[in-house]
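What the coordinates show
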Amino acid sequence: QVQLVESGGGLVQAGGSLGLSCVASGYIFSWYVLGWFRQAPGKEREFVAAISWSGDKTYYADSVKGRFTISIDNAKNTVYLQMNSLKPEDTAVYYCAVNRKRDRYEFAPFYANWGQGTQVTASS
């Protein structure tokens, strides 16, 4: 059973930066994809970015391209999300999860083993 724990959220002014971490425990198959999603109050959970466990493929939502970077450290079983040029609309709880279906990396129902989430707030 894979378990994921996110950390690194906080409060930052618009235009600032934050880095999130997601530590995975349990057995991770090389073909897994790890994804970051976010959910703002009253809104649906939305895709942010994803990365193959091997680190050779990355996927981004259009809203974060050029501002956010996803990366992975296999030795530490950790996936990172570096967020730059944060906007108030980036404010949400950020979650990481595992996609085992090798498909639809932007589709939340294809993910499992969700972490508890970490709050990110970008104030205007």
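Let us look at the structure shown here. (Residues numbered from 1 in each chain as written. Predicted model: local features only at pLDDT ≥ 70, side-chain atom pairs only at ≥ 80, totals over all residues. Heavy atoms only, no water.)

Structural notes on the side chain of N99
Basically, it comes down to this: The way it works is that DSSP assigns letters per residue, a run of H or I at least four long becomes a helix, a run of E at least two long becomes a strand, and they are numbered from the N terminus. Buried residues are those whose accessible area, probed at 1.4 Å on protein chains only, stays under 20% of the maximum for their type, while exposed residues exceed 50% and partly exposed ones sit between those limits. Pairs of N or O atoms within 3.5 Å make up the polar contacts considered here, provided that, within protein, one atom can donate a hydrogen while the other can accept it, and that residues adjacent in sequence are counted only when both atoms are side-chain atoms. Between two residues, a contact is recorded if the distance between any of their heavy atoms is within 4.5 Å.
Structurally, N99 is set in strand β9 (residues 92-99). Under the relative-accessibility criterion, N99 is labelled buried at 0%. From its side chain, N99 meets the backbone nitrogen of K101 in a polar contact 2.9 Å long. Only 3.1 Å separates the side chain of N99 from the backbone nitrogen of R102, close enough to count as a polar contact. Setting aside its immediate chain neighbours within four residues, N99 contacts Y32, V33, R104, Y105, F110 and Y111.

Quick notes on the packing of aromatic side chains
Note the threshold: In this analysis, rings of Phe, Tyr and Trp, with Trp reduced to its six-membered ring, are considered paired at centre separations within 6.5 Å, and the interplanar angle assigns stacked below 30 degrees, edge-to-face beyond 60, and tilted for intermediate values. Placement of a charge over a ring requires the Lys NZ or Arg CZ to be within 6 Å of the ring centre, with the centre-to-atom vector within 35 degrees of the ring normal.
Summed over all chains, the structure comprises 11 aromatic pairs. Summarising the aromatic geometry, the rings of W31 and Y32 are spaced 4.9 Å apart at their centres and angled 85 degrees between planes, so their arrangement reads as edge-to-face. Judged by its relative accessible area of 32%, W31 falls in the partly exposed class. Summarising the aromatic geometry, the rings of Y59 and Y105 are spaced 4.6 Å apart at their centres and angled 35 degrees between planes, so their arrangement reads as tilted. Here Y59 is found in strand β6 (residues 58-60), whereas its partner Y105 is found in the loop between β9 and β10 (111-112), with 46 residues between them in sequence. Linked through ring pairs, F37, F47, Y95, Y111 and W114 together constitute an aromatic cluster. Against the face of W31 rests R102, its NZ or CZ located 4.3 Å from the ring centre.

Examining the environment of A122
Considering the arrangement of structural elements, one finds A122 in strand β11 (residues 118-123). For the pair A122 and N77, spaced 45 residues apart in sequence, the C-alpha to C-alpha distance is 28 Å. Not counting the four nearest positions on each side in its chain, A122 is found in contact with V12, L86, K87, P88 and T91.

Let's talk about the nonpolar core
Rules: By convention a nonpolar core is built from buried Ala, Val, Leu, Ile, Met, Phe, Trp, Tyr and Cys residues, the set being connected through side-chain atoms within 4.5 Å.
By size, the foremost hydrophobic cluster in this structure holds 39 residues, and its most contacted members are W36, V79, L81, M83 and Y94. Of all the elements in the fold, those that place two or more residues in this core are β3 (18-25), β4 (33-39), β5 (46-52), β7 (68-73), β8 (78-83), β9 and β11. Residue contacts for V79: discarding those within four places in its chain leaves L20, S21, C22, L34, W36, I51, W53, I70, S71 and I72.

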